[in-house]
Amino acid sequence: MAPELAQKAPAPVRTVQLVAGDLLLTVNPLDGSEIEPCPPGDQTSLSAGSHRAPRRSDTAREEQRHAAQPPEPAGPPAPAVPLLERDEPRERLVRLLGRGRSVRLTGPAGSGRSTLIDQVAEDCANLAPDGVVRLSGHGRTPTELLHELFAAVHDAPLRRPDRTRLLELVREIGAVVVIDDLEFGGSALDELLDATPECAFLVAVTPEVPAPSAESELEEVFLPGLGRGTALELLERMVERPLTDEEANWAGDLWFESEGRPLRFVQAGALLRQRDAQRAPGPDVDDTDGEDGVSDDDNVFAAVHPTPLPGLGDAAAPAPLLASRLSESARETLRFAVALGGEVPHQAHLPALVGDTHADAAIGELKHCGLLTPVGPRYRLAAGVFAQLEAAGYAEGAVDRARTAAQHYAWWAAHPSVVPDRVVAEADAILVSMTLLVQQGGEADAATAVLAARSASPAFAAGLHWTAWERSLRAGQEAARIAGEIAQEAYFHHELGVLALCSGSLERARAELEASIALRGALADKSGTVAGRRALALVSDRARSAAHTADEETPEPREGASASPNRSVALLKPGKGQLPAPSAETLVTHRDQAPSGAAAGRRTILSGARRNALAAGAGALLVAVLGTAVTLTAASDGDQPANRVTNEQPATGDGTDATIEGLIGDQPAGDATPSPSGTDDAAQPADPEPSPETGAGGGASPGPTSTRGGEPSSSGGGTTSGGVGSTSGGGHTSGGTSGSPSPSATGGSGSPSPSGSTSGSPSPSTGGSGSPSPSTAGTTSGSQSTGGVTTGGTTAGTADGGSASGDTGSDGVADADSAETPAA
């Protein structure tokens, strides 16, 4: 049918609803498939936790087995190929399968593997509770075989379980699984075996297939060729007469060349039958009966002009010679098979493709000659036949025949009377025809491929052959791009998004659906845009649900462990070995980008609050060293006036000196030492017990506690100079203490200023009224003061409303000779 006529015909809207996991899929060939979650309580769902799928009965399994076999070809029956010299491997395979062992049968192409496993399958019919399941491994993946195994055992039409539920269901299947033409091994084969522990497998492969893994428990059985005598016996059975001496010698040479492969002798038997059919009596042949009234066959064979036997080269590659002696319909069928990559169309399609009403008999001719082999419910060219015919010129005009096949399948697949299972059986031929048109055809051929994909892909989806569904959608999308059909390209993008959503690939589904929505928006296709947005909303819901589930399953980090590197914000909680949290807010560290190389380690260690803490500690240590040096210099000065204030003698109100017993070693003040956790002084809590102070009446009373610049300090109304805390009730105290640290006061800038040195212990000093007042002396260098004056060296501060002044000498130490202490 011409593509123009097919495009003008109204496309029938044949929607099919099926269940994929916990999703309800409505296959709509017109606007695109629609997908939604299964309604609550729907018993048709096969998601995890749902009801058990019912198993098929024995009668249903038998019907399915017959449906999975190729149909008998039209025409006279051909002689059956006997199973010769295979009793020993047959008994061994049955014995191993009966013990529950899985077997890998390896044999070269044409060695009779398919015939042997057919007999073994019949012998094992009653070994397993779920019987024998026959599958085809040609072009199949482990996941596809698992789905086919599930469909063969369970009665679940229009239902496709998700991966989790599929593994649960096939794990309970107990059957003998026979897989012919398996094309994978290694870890893929292990995946298939591990998913079905209750099944015994018999897989037939060629030596080119990868071997199973070393951990696999498969038993290896190699299928050798036939012996010379057995090969000659097989040839006689195929010819249905005894061989002449010349034919026996010819067969012996063929046996040596073919290594005893039965397929070669089946084809050689077809050559001899064709040779017998070409015999014709010569002009001098006496057809009268002999003396006994019986024709002398020996005289007849000797008198005729026989066709010479084919050469050894023709016998080794007999396909072109065999095809040359077949009917024209059979030869045209072979040309279509070569154009379709070795796939032979069903015999019901041959009259329309070949143009001969009796072309369906061509399948029988080809099968009798050994040119075809069964693959599931269809036929393919036998081993080596494709290459032989291609070399003989049968591949000429392949694009034209692929176009004819695509046009025919586009009309046939869209017909309302064709069920999806029949379209699935022709999936390989349809896909090859579309692919060839896309790769080697022009724009017109691409339009034909688009039409075939639009017709076949909904049937593949409804038939649960989703690998063929995806391949047809991708071929159709590429063909639509080449042909410039934007609407069709949007349709294929939408279907690919729905397929990805059913398979659980959310990111791919999002990309495909967004592309479809953009194209349909440009075309003002409202119904298609709405369908795409609904599917996209479901993708977003599933993505959020998956992210929420992942967050719930993520374990909490161990105490003291670093945050996950993929988080941009790290929350530090107070605890052992961690930073203590401030009283009002939580510390949050932002990581804008991850450094690389050696700098990454440094920035990881010196980051955030820890870096600030280490910097503060280093500054405190530096101030302590400088203060110690200044203190030692001042202490070594022997000509100090009586009224000079140093760290060796506290200032008194009457100008007398109080001698301090001993000098404490050089150590920084306690308030300047970083905390063990590495925090700075800004995060330390205030001293809960204020220092006692002496008031004007000579009584000691606790003074108020104030916080300035984030640092606690105690003051009795005095002034704070040089960033050194001063606590007094009439006297003064510098920042250092003797023996025990005291809280330091903060200067105008609010940063901590540790005292330079400590000396002795706090000694009482007498104020104006003679009341004792605790006092300590300390020095700082280079800091600004509030309430006093600091000049380059040491700062002396007075409390209780007094003033401080300093003169800098040549040694850089402030001179406090003019300091006065007023009376109380």
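Chemist: Tell me what's going on with the environment of E72, and back it up with residues and numbers.
Modeler: You can see E72 is positioned in the loop between helix 2 (58-67) and helix 3 (87-98). Excluding its chain neighbours within four sequence positions, the residues that come into contact with E72 are Q347 and K367.

Chemist: So what's going on with the sheet that holds strand 4 (residues 103-106)? Residues and values would help.
Modeler: Strands sit in the order 5-7-8-4-9 across an open sheet of five strands; the sheet is parallel. The outermost strands of the open sheet, each flanked by one partner alone, are strand 5 (132-136) and strand 9 (219-222). Pairs of neighbouring strands in the sheet enclose a mean axial angle of 15°, with direction left out of account. One ladder, built from four bridges, connects strand 7 (residues 176-180) with strand 8 (residues 200-205); its direction is parallel. Across the sheet, the residue bridging to V176 is A200, located in strand 8. Its contacts with the sheet place helix 3 against strand 4, strand 7, strand 8 and strand 9, and it is angled at close to 170° to strand 9.

Chemist: A description of the packing of helix 23 (residues 486-503) against helix 24 (residues 506-522) should follow, citing residues and the corresponding values.
Modeler: Two elements in contact, helix 23 and helix 24, have axes whose closest approach is 8 Å; the angle formed by their N-to-C orientations is 155°. Compared by their axis directions, helix 23 and helix 24 come out roughly antiparallel. Here helix 23 runs over helix 24; the crossing is left-handed. Seen from helix 23, the contacting residues are I486, E489, A490, Y491, H493, H494, L496, G497, V498, A500 and L501; seen from helix 24, they are L506, R508, A509, E512, L513, A515, S516, L519 and R520.

Chemist: How would you sum up unusual backbone geometry? Please name residues and give values.
Modeler: With the exception of glycine, most residues fall at negative phi, and the peptide bonds are largely trans. Positive phi values are uncommon outside glycine, yet E240 reaches one of about 65°. Backbone geometry places E259, a non-glycine residue, at a positive phi of 60°. Mapping E259 onto the fold places it in the loop between helix 9 (245-258) and helix 10 (262-277). With a relative accessible area of 58%, E259 lands in the exposed category.

Chemist: Explain the pattern of salt bridges to me, using residue names and the numbers behind them.
Modeler: Applying the stated rule across the entire model yields 32 salt bridges. Across the salt bridge formed by D180 and R113, the nearest N and O atoms sit 3.7 Å from each other. Taken as a pair, D180 in strand 7 and R113 in helix 4 (residues 113-123) lie far apart in primary sequence, 67 residues in all. Residues R335 and E332 are paired through a salt bridge, measuring 3.3 Å at the closest nitrogen-oxygen approach.

Chemist: Any details on the pairing of strand 8? Residues and values, ideally.
Modeler: The element strand 8 is extensively covered by neighbouring structure, given that six of its six residues are classed as buried. With burial as the criterion, each face of strand 8 is covered, one bearing A200, L202 and A204 and the other bearing F201, V203 and V205. Of the pairings in the sheet, the one linking strand 4 to strand 8 comprises four bridges and is parallel in character. Each residue of the ladder has a partner; that of L105, found in strand 8, is A204. The parallel pair strand 7 and strand 8, bridged by helix 7 (residues 186-195), forms a crossover whose chirality is right-handed.

Chemist: Give me the sheet that holds strand 1 (residues 16-20): which residues, what numbers.
Modeler: With respect to topology, four strands assemble into an open sheet ordered 3-2-1-6, the strand pairing being mixed. Looking along the sheet, the strands with just one partner apiece sit at the ends: strand 3 (34-37) and strand 6 (159-160). Pairing of strand 1 with strand 6, which is carried by two bridges, proceeds in the parallel orientation. Paired with V19 across the bridge in strand 6 is R159.

Chemist: Mind laying out the pairing of strand 11 (residues 372-375), listing which residues take part and the relevant values?
Modeler: Direction of pairing for strand 11 relative to strand 12 (residues 378-381): antiparallel, over a ladder of four bridges. The partner of P374 across the bridge, within strand 12, is Y379. Once strand 11 ends, the chain turns through two residues before running back antiparallel as strand 12, passing G376 with a positive phi of about 65°.

Chemist: Help me get a handle on the side chain of T206, residues and values and all.
Modeler: Tracing the sequence through the fold places T206 in the loop between strand 8 and strand 9. Looking at T206, its side chain comes within polar contact range of the side chain of E208, at 3.0 Å.

Chemist: Break down the environment of R228 for me, with residues and values.
Modeler: You can see R228 is positioned in helix 8 (residues 228-239). Separated by 25 residues in the primary sequence, R228 and D253 place their C-alpha atoms 9.8 Å from one another. For R228, the residues in contact, after removing those within four places along its chain, are A248, G252 and W255.

Chemist: If you had to explain the nonpolar core to someone new, which residues and values would you point to?
Modeler: L25, I35, V423, F460, W466, W469 and L501 are the most contacted members of the largest nonpolar core, which totals 62 residues. Ranked by residue count, the leading element in this core is helix 21 (residues 443-462), at 10 residues. Ignoring anything within four residues of it in the chain, the contact list for F460 reads V423, V424, A427, I430, L431, H465, W466, A468, W469 and S472. In this structure, L146, A188, C199 and F201 belong to the second largest nonpolar core, which totals 30 residues.

Chemist: Describe the environment of A251, listing the residues and the values that go with them.
Modeler: Inspection of the secondary structure assignment puts A251 in helix 9. Linking A251 and A268, residues 17 residues apart in sequence, is a C-alpha distance of 8.2 Å. Once residues lying within four places of it in the same chain are set aside, the contact partners of A251 are L232, L235 and F265.

Chemist: Before we move on, could you go through the confidence of the model for the protein and cite the residues and values that matter?
Modeler: Summary statistics for the protein give a mean pLDDT of 72 and a share of 60% for residues scoring 70 or more. Every residue in residues 282-305 is under pLDDT 50, and counting partners more than four places away or in other chains gives 12 contacts. This model gives residues 557-611 a pLDDT under 50, and the stretch forms 45 contacts once residues within four places in sequence are excluded.

Chemist: Tell me about the packing of aromatic side chains, and please be specific about residues and values.
Modeler: Evaluated as defined, the whole model comprises three aromatic pairs. The interplanar angle of 65° and the centroid separation of 5.5 Å between the aromatic rings of W466 and W469 together place this pair among those described as edge-to-face. Remark: W469 and W466 occur in helix 22 (residues 466-483); sequence separation between them is three residues, near one turn of the helix. The exposure classification of W466 matches that of W469, with both residues buried. Between the aromatic rings of Y491 and F492, the centroid separation amounts to 5.4 Å while the plane-to-plane angle is 70°, which identifies the pairing as edge-to-face. Pair check on accessibility: Y491 and F492 agree, each one buried.

Chemist: Tell me about helix 4, and name the residues and values.
Modeler: All buried positions along helix 4 are accounted for by R113, L116, I117, V120 and A121. With its buried residues spanning 140° around the axis, helix 4 presents them on a single face. Looking at the packing, one finds that the buried side of helix 4 touches helix 3, strand 4, strand 5, strand 7 and strand 8.

Calculation notes
Residues numbered from 1 in each chain as written. Predicted model: local features only at pLDDT ≥ 70, side-chain atom pairs only at ≥ 80, totals over all residues. Heavy atoms only, no water. Helix = DSSP H or I, 4+ residues; strand = E, 2+ residues; numbered from the N terminus. Contact = heavy atoms within 4.5 Å. Pairing = 2+ DSSP bridges. Axes fitted to C-alpha atoms, helices over the stretch in contact; angles between N-to-C directions. Parallel < 35°, antiparallel > 145°, perpendicular 65-115°, else oblique. Left-handed = near helix turned anticlockwise from the far one by under 90°. Buried < 20%, exposed > 50% of the residue type's maximum accessible area, 1.4 Å probe, protein only. Salt bridge = Lys/Arg side-chain N within 4 Å of Asp/Glu carboxyl O. Right-handed = clockwise from strand over helix to strand, strands pointing away. Polar contact = N/O pair within 3.5 Å; in protein donor to acceptor, adjacent residues only side chain to side chain. Core = buried A, V, L, I, M, F, W, Y, C linked by side-chain atoms within 4.5 Å. pLDDT = per-residue confidence, 0-100. Phe/Tyr/Trp six-rings, centres within 6.5 Å; stacked < 30°, edge-to-face > 60°. Arc of directions from axis to C-beta.

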